[in-house]
Amino acid sequence: MERDDLIVNDSYAPMANHSEEAGKAIRKKIWKVTAILSILTAVEIAMGIFLSDRSADLWPVVKWSFIIMTVVKAAYIVLIFMHLGDEKRSFRFYIIIPYLIFIGYMIFLYLIEGFNVFTY
Amino acid sequence: MAGHVEKVDAATAWGGGRSPFNVTYGKMMMWFFLVSDALTFGGFLISLGFAKASADSWPIAEKVFFHFPFTHAELPLIYVALMTFILIVSSVTMVLAVEAGHRMDKAGVQKWLGWTIVGGAIFLGSQAWEWYTFINGNEHGMATLTWNPYLPENPGEIRYTNFFFFVTGFHGFHVFTGVIINAVVWLQVKKGIMHERGHYEMVEKVGLYWHFVDLVWVFVFTFFYLV
Amino acid sequence: MGAHSTHAHGHHHHESFITKYIFSQDHKMISKQFLITAMVMGVFAVILSVLFRLQIAWPEESFESMKFFLGEDYVDQNGLLKPDRYLALVTIHGTIMVFFVLTGGLSGTFFNLLIPLQVGARDMASGFLNMLSYWLFALASAVMLFSLWVESGPASAGWTIYPPLSILEEAIPGSGLGMTLWLVSMTMFIASSLLGGLNYVVTIINLRTVGMKMTRMPLTMWAFLTTAILGVLSFPVLVSAVALLLMDKSFGTSFYLSDIFVGGEALDASGGSPILFQHLFWFLGHPEVYIVLLPALGITSEIVATNSRKPIFGYRAMIGSILAIGFLSFIVWGHHMFVTGMNPFIGGVFVFTTLLIAIPSAVKAFNYITTLWKGSIHYTPAMLFSIGLVSTFITGGLTGIILADATLDIPVHDTYFVVAHFHIVMGLSAIYGMFAGVYHWFPKMYGRMMNKKLGYLHFWLTMICGYGVFFPMHFVGLAGSPRRYYSYTEFPFLDHVQDLNEVITFFAIIGGLAQIVFFYNYFYSIWNGPKATKNPWRSNTLEWTTPVNPGHGNWDGPLPVVHRWAYDYSNPEHEEDFVPQTVPLKEGEHGH
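Residues numbered from 1 in each chain as written. Chains lettered and ligands numbered in written order. Predicted model: local features only at pLDDT ≥ 70, side-chain atom pairs only at ≥ 80, totals over all residues. Heavy atoms only, no water.

Caption draft 1: Quick peek at the overall build of chain A. Counting secondary structure elements, chain A contains 4 helices and 0 strands. For chain A, the α and β elements follow one another from N to C terminus as α-α-α-α. Radius of gyration (C-alpha) of chain A: 21 Å, far over the 14 Å computed for a compact globule of 120 residues. Across the 120 residues of chain A, 44% fall into the buried class. Counting contacts in chain A only where the partners sit at least 6 residues apart, residues at least 24 apart contribute 48% of the total. Put simply, chain A shows about 6,400 Å² of open surface, and 70% of that area lies on carbon and sulfur atoms. Taken as two groups, the 12 positive and 12 negative side-chain charges of chain A have centres that lie 8 Å from each other. (Helix = DSSP H or I, 4+ residues; strand = E, 2+ residues; numbered from the N terminus. Rg over C-alpha atoms; globule rule 2.2 N^0.38 Å. Buried < 20%, exposed > 50% of the residue type's maximum accessible area, 1.4 Å probe, protein only. Contact = heavy atoms within 4.5 Å. Areas by Shrake-Rupley, 256 points an atom, 1.4 Å probe, with all protein chains shown as cover. Lys, Arg positive; Asp, Glu negative; His and termini not counted. Charge placed at Lys NZ, Arg CZ, Asp CG, Glu CD.)

Caption draft 2: How the structure looks around the interface of chain B and chain C. Listed per partner, the contact involves 43 residues of chain B and 49 residues of chain C. The interface formed by chain B and chain C holds 0 salt bridges in total. Summed over the shared surface of chain B and chain C, the number is 6 residue pairs in polar contact (both at pLDDT 80 or more). Taken together, the elements giving at least two residues each to the side of chain B that touches chain C come down to α1 (25-54), α5 (159-191) and α7 (201-226) of chain B. (Salt bridge = Lys/Arg side-chain N within 4 Å of Asp/Glu carboxyl O. Polar contact = N/O pair within 3.5 Å; in protein donor to acceptor, adjacent residues only side chain to side chain.)

Caption draft 3: How the structure looks around the interface of chain A and chain B. The interface of chain A with chain B comprises 58 residues on the first partner and 63 residues on the second. Interface area for chain A against chain B, summed over the two sides, is near 5,500 Å², with a carbon-plus-sulfur share of 75%. Linking chain A with chain B are 4 salt bridges. Among the salt bridges present, the one from K27(B) reaches E87(A), with a minimum N-O distance of 3.2 Å. The set of elements that each furnish at least two residues to the side of chain A that touches chain B consists of α1 (9-16), α2 (20-50), α3 (59-81) and α4 (89-116) of chain A. With 14 residues, the single largest contributor to the side of chain A that touches chain B is α2(A). (Buried area = accessible area lost by both parts, 1.4 Å probe.)

Caption draft 4: Quick peek at the packing of aromatic side chains. All names here are of chain C. Applying the stated criterion across every chain yields a total of 88 aromatic pairs over all chains. Centroid distance F111 to F224: 4.2 Å. Interplanar angle 25°. Geometry classified as stacked. Linking F111 in helix α4 (residues 83-119) with F224 in helix α7 (residues 219-251), this pair joins segments that are 113 residues apart in sequence. Across this residue pair, the class does not change: F111 and F224 are buried. Here the basic side chain of K32 rests over the ring of Y446, its NZ or CZ set 4.9 Å away from the ring centre. (Phe/Tyr/Trp six-rings, centres within 6.5 Å; stacked < 30°, edge-to-face > 60°. Lys NZ or Arg CZ within 6 Å of the ring centre and 35° of its normal.)

Caption draft 5: Expanded view of a nonpolar patch on the surface. A cluster of nonpolar side chains, L355(C), F366(C), I369(C), I394(C), L398(C) and I401(C), forms an exposed patch at the surface whose accessible area comes to about 530 Å². Turning to its location among the elements, F366(C) is positioned in helix α10 (residues 344-372). (Patch = residues over 30% accessible without salt bridge, like charges linked within 9 Å, V, L, I, M, F, W, Y side chains within 5 Å.)

Caption draft 6: How the structure looks around the environment of A121(C). Structurally, the position occupied by A121(C) is in the loop between α4 and α5 (127-146). For the pair formed by A121(C) and P443(C), sequence separation is 322 residues and the distance between their alpha carbons is 19 Å. If near-sequence neighbours (up to four positions away) are discounted, A121(C) is found in contact with D5(A), P116(C), L207(C), N554(C), W555(C) and L559(C).

This is the structure we're talking about:
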């Protein structure tokens, strides 16, 4: 059976492949993102070592900056390394938006429940 | 497309035979699979959040993870920082392999994919050592599924060790499968199968999986070691 | 892999028995395999339900049939069903019906059959993964059935497997090997449904033929797409729940366990909370309800429009309500947990979101009725079952509004009122949708027609018995009978509903036997039914443009080209009362 309904072999290459010059720019971007990820991780570690006093007034700020940095790192990985940033806008939304909504909703409810559950 | 001589009415732009997202079905499947898997990990990490929220007290990571191989100094988080760095670097080599694939550079793909496999293997080894020191515990005993020596005032709160073993183990299993899949693809690249095909989409697909593993680790790192 | 393999197929290569009927990659054959496996599972589930209904109606009587169907292990020396085995029957009935018949069976059959045919594709995107999906499902089914006869009994903690009961072997013997097999079976089932779901989604998105815009797809395709996405997003959270449960059960962790005493002895477990499991489980569990229901609603949309000879009323509103139901199904799970002592604020959130579901559901119900309104209705068996679905969807939906409200839910929580509600709205509705689909698309599956008269008999028996079982059950529930009790005769305050219990059991037996009519009709017609024509229902959708017995690849020539939506029935600009999607627009005609 011939599959004339699928995207066939030859049409993938022009969709994705690029030239040497384009490759150079992409590699530059990759190294830049690598630097950003490494720096963020280093900052996280430094904060984890020196600002880890749970009872300090600063702790909520430290905690939230951990979470924000994590999300920033995740965004770089998904958008640059996984090339989601290069996909069509609509595809990007279909992948990310439902996930964020449902996970956000779950986090919200589970944490309220978690604080609530042994307090009877 | 063969056989489509008939014209479509002007009201539509849809010509069929292609993807509305410019994504082949295989890659789209991989993406949806990753979303699915991400929800599994999300479920685990949110359960961890639930456990932390409902616990009276929880061990402090810097007091647990301060070991480093070949030294007895207290170096909190340095070892796990190293592990994180190894995984990020292996992710970088993977994205370089994908990029080389887009230029049909077989040697480049082979080289970078090879380094990715090495990075994954080192990560797994590091994790084994980390588990070993974790299990060894401290003066309050060994860390098991039913004893948590890292919370001396409340060792009954064993969910900490439970979640640590389970979530890092589950992630480690993903890394392990990733290494295996990468190795298979590496062999295929070496044989020239991808090159004959005219594209390295397979490398891109396993690349997505590998980045996903790295992505999960970013969150595991934060929620087990930092917060 | 990937698109590469597409050139590997020759044009007319010979297929052996094994590649054609067993390890087939043709979506039509896989669909038949799913249907027949689901039928086998359905027969088991119905027999189990009749057996435990016998127990509820006449708890002091001993029945030979128990021993005959279930074996010696299930009865005590007086010939009575053992209490723990009663729970096992309830559990396995629920599991098989929810997962294997109404999820695997309904989706597996009609998604596989209709998606490539209705969007105009040669096959699923990946025939291999599709085949794998079926065989994992078959294996899961086999393991689940096998677990019925292990020595310590099958899983007995209810289909929701709430811990701690499902974890502690000390509490009920079924939580030993039986529960492990249940978990193994469900793991394979989840893998199967994930592989299937990925395939369905990408096929609908990527493989539509020329002219098949998203907004021209039949509503079946919209319902199936939404369902497949629900499956891909919700089953992974069940994986989390089940994985942690397995750890608790087999490796001594305490994710869900806390300070438990069995027979006066404390277990090692401490710290965890079973509420966590319920949250994780119902994050799957509620979308699961719509995974079961939406395909049936999609099938109904198609059949109602075709057999009323009218365009479906409010096509875009229907799409909108399908998507809205799909979205809302993820954020309402807490209404299963109102009595867990949840934070009242969260309770309020869940009441609000749950009541919102009534809006898109009502849109759908009214659109079906307005489609029927003044139509020239053809009462085929498929149409009758579709109308039956609309009826049960409304009846069950009304009690849903009661159960959505925390204040009203708490008094009837875990009573037979709830059982009646979900059996009508998701059990009967979905099974009617499945029957409707089989009657409607049988000519496409086998190239023959099913017998109409037997179809009518089957419908009226099923309809009467369906309501006969579940309508009185509301009253049993309101009287205060809790679910999953071995016997209700011990409680004087329930004496006055014991007669009703006997009535329910009577209808359950008749309803179960009525399905023989269907099976006879089905298997007789495969070989002996009258030969079908190419388009027996005079329908618009693409599957009826294929040959009567389409080969692998569906269309002999090039793929069809679509010029209009699927609901051009009784269009005054055309002579025929139906206009297939492949007919080009006339000069000056406005298409959809």
